[in-house]
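Coordinate analysis (summary)
Now for the letters of each chain:
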Amino acid sequence: MILKMVKCVLSAYKRNKDGIDIFDITFKNMDALVFNIEKSQYVELLGNCLDDLIAMEQYEICAEIKKILDKKSKKNNGGALELI
C-alpha cells in the first residue's frame, strides 16, 4: 500500500497537482471517507516513506525522492552549502 501511495504522490508532484485523493473508502452503509494529500504535504510524506521503501528495496524510487528532498533543502537554504 505504501508503494502505491508513494507512486501516486510522485506522479502528482511531477504534474504539479494542488492535491490528490489517496484513498476512497466506502462502508457497507454507503458512508465514505476520502483521504486527500495537499501539495504542501507531498515532500514531507515522501520523506517519511523513505525507510519503508529502502526496506522494500525500491531504490529507484528512493533516488527520485532523494532528488526532490535535496531540491527542497537547497531551496530552503537559499542554495547555500552546509559546512560541517
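Here's what I pulled together on the structure shown here. No experiment lies behind these values; they were computed from the predicted model shown.

Structural notes on the nonpolar core
Proteins that are soluble and globular tend to have nonpolar side chains buried together. Counting 19 residues, the largest nonpolar core has Val6, Val9, Leu10, Ile20, Leu46, Leu53 and Ile65 as the members making the most contacts within it. Those elements that place two or more of their residues in this core are α1 (2–14), β1 (19–26), α2 (42–55) and α3 (59–76). Here Leu46 is in contact with Val6, Val9, Leu10, Ile65 and Ile68, once residues within four sequence places are set aside.

Let's talk about a nonpolar patch on the surface
A surface patch of nonpolar side chains, about 350 Å² in accessible area, is lined by Ile25, Phe27, Leu33 and Phe35. Of note, Ile25 is situated in strand β1.

Let's talk about α3
For the α-helix, the turn length of 3.6 residues means that residues three or four positions removed from each other point alike. If you check α3, its first and last C-alpha atoms are 25 Å apart, about what 18 residues at 1.5 Å a residue would give, namely 26 Å. Within α3, burial applies to Ile61, Cys62, Ile65 and Ile68. Viewed end-on, α3 has its buried residues packed into an arc of 125°, placing them on one side of the element. With respect to the buried face of α3, the exposed residues turned more than 90 degrees away are Tyr59, Glu60, Lys67, Lys71 and Lys74. Contacts from the buried residues of α3 go to α1 and α2.

Here we look at the packing of α2 against α3
The interhelical angle for the contact between α2 and α3, taken along N-to-C directions, is 145°, at an axis separation of 10 Å. Handedness of the α2/α3 crossing: left-handed. Within the contact between the two elements, α2 uses Val43, Leu46, Gly47, Leu50, Leu53 and Ile54 and α3 uses Tyr59, Ile61, Cys62, Ile65, Ile68, Leu69 and Lys72.

Some thoughts on the pattern of salt bridges
Overall, the coordinates contain 2 salt bridges when judged by the stated rule. The residue Lys14 makes a salt bridge to Glu64 at a minimum N-O spacing of 2.5 Å. Taken together, the positions of Lys14 in helix α1 and Glu64 in helix α3 put the pair 50 residues apart, joining distant regions of the chain. Assessed through its relative accessible area of 28%, Glu64 is described here as partly exposed.

Rules used throughout
- Residues numbered from 1 in each chain as written.
- Predicted model: local features only at pLDDT ≥ 70, side-chain atom pairs only at ≥ 80, totals over all residues.
- Heavy atoms only, no water.
- Core = buried A, V, L, I, M, F, W, Y, C linked by side-chain atoms within 4.5 Å.
- Buried < 20%, exposed > 50% of the residue type's maximum accessible area, 1.4 Å probe, protein only.
- Helix = DSSP H or I, 4+ residues; strand = E, 2+ residues; numbered from the N terminus.
- Contact = heavy atoms within 4.5 Å.
- Patch = residues over 30% accessible without salt bridge, like charges linked within 9 Å, V, L, I, M, F, W, Y side chains within 5 Å.
- Areas by Shrake-Rupley, 256 points an atom, 1.4 Å probe, with all protein chains shown as cover.
- Salt bridge = Lys/Arg side-chain N within 4 Å of Asp/Glu carboxyl O.
- Expected span 1.5 Å × (residues − 1).
- Arc of directions from axis to C-beta.
- Axes fitted to C-alpha atoms, helices over the stretch in contact; angles between N-to-C directions.
- Left-handed = near helix turned anticlockwise from the far one by under 90°.

Honestly, that's just the spatial picture; any functional story needs more than this.
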